[in-house]
Amino acid sequence: MEWGRAMRELSTAIDHLATEDPSEIPRLQLTEQLIELHWQMARLQAQIARRTSVREPGL
């Protein structure tokens, strides 16, 4: 996944969650959204680590 695309997806996910009232979202859907947001953040952190030489590619 390219850097710009990852940032856009993360931004979109955050914006989507920010505009919703969590009390109106079914728990399963909210759980799925939060898990997806978590994975997007983890992928972005890994990309940042690789780009800043904190972590070698392939680890």
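This text follows the structure it describes.
The rules behind the values
Residues numbered from 1 in each chain as written. Predicted model: local features only at pLDDT ≥ 70, side-chain atom pairs only at ≥ 80, totals over all residues. Heavy atoms only, no water. Helix = DSSP H or I, 4+ residues; strand = E, 2+ residues; numbered from the N terminus. Buried < 20%, exposed > 50% of the residue type's maximum accessible area, 1.4 Å probe, protein only. Contact = heavy atoms within 4.5 Å. Areas by Shrake-Rupley, 256 points an atom, 1.4 Å probe, with all protein chains shown as cover. Salt bridge = Lys/Arg side-chain N within 4 Å of Asp/Glu carboxyl O. Expected span 1.5 Å × (residues − 1).

Asks: Which parts of the structure should I look at to understand the overall build of the protein chain?
Replies: Counting its secondary structure elements, the protein chain contains two helices and zero strands. Classification of the 59 residues of the protein chain by burial places 20% in the buried group. Put simply, 53% of the contacts in the protein chain that link residues at least 6 apart link residues at least 24 apart. Put simply, the protein chain shows about 4700 Å² of open surface, and 58% of that area lies on carbon and sulfur atoms.

Asks: What is the right way to read the environment of M41 from this model?
Replies: Inspection of the secondary structure puts M41 in helix α2 (residues 27-51). The exposure class of M41 is partly exposed, given its relative accessible area of 39%. With 31 residues separating them along the chain, M41 and L10 place their C-alpha atoms 6.9 Å apart.

Asks: What is the right way to read the pattern of salt bridges from this model?
Replies: It is possible for side chains of opposite charge to pair when their charged atoms get near one another. Within the structure shown, the criterion is met by two salt bridges. A salt bridge links E9 to R5, with the nearest nitrogen and oxygen atoms 3.1 Å apart. Residue E9 and its partner R5 are located together in helix α1 (residues 3-19), separated by four residues, close to a single helical turn. Taking relative accessible area as the criterion, E9 reaches 25% and is therefore assigned partly exposed. Classification of R5 by relative accessible area gives partly exposed; the value is 42%. In this structure, R43 and E36 form a salt bridge, with 3.4 Å as the shortest nitrogen-oxygen distance. Judged by its relative accessible area of 32%, R43 is partly exposed.

Asks: Can you walk me through α2 in this structure?
Replies: Residue pairs spaced three or four apart in an α-helix point in one direction, given the helix's 3.6 residues per turn. For α2, which comprises 25 residues, the first-to-last C-alpha distance of 36 Å matches the rise-based estimate of 36 Å (1.5 Å per residue) to within 8%. Q33, L37, Q40, L44, A46, Q47 and A49 are the residues of α2 that are buried. One or two steps after α2, the chain reaches S53, where phi turns positive at roughly 60°.

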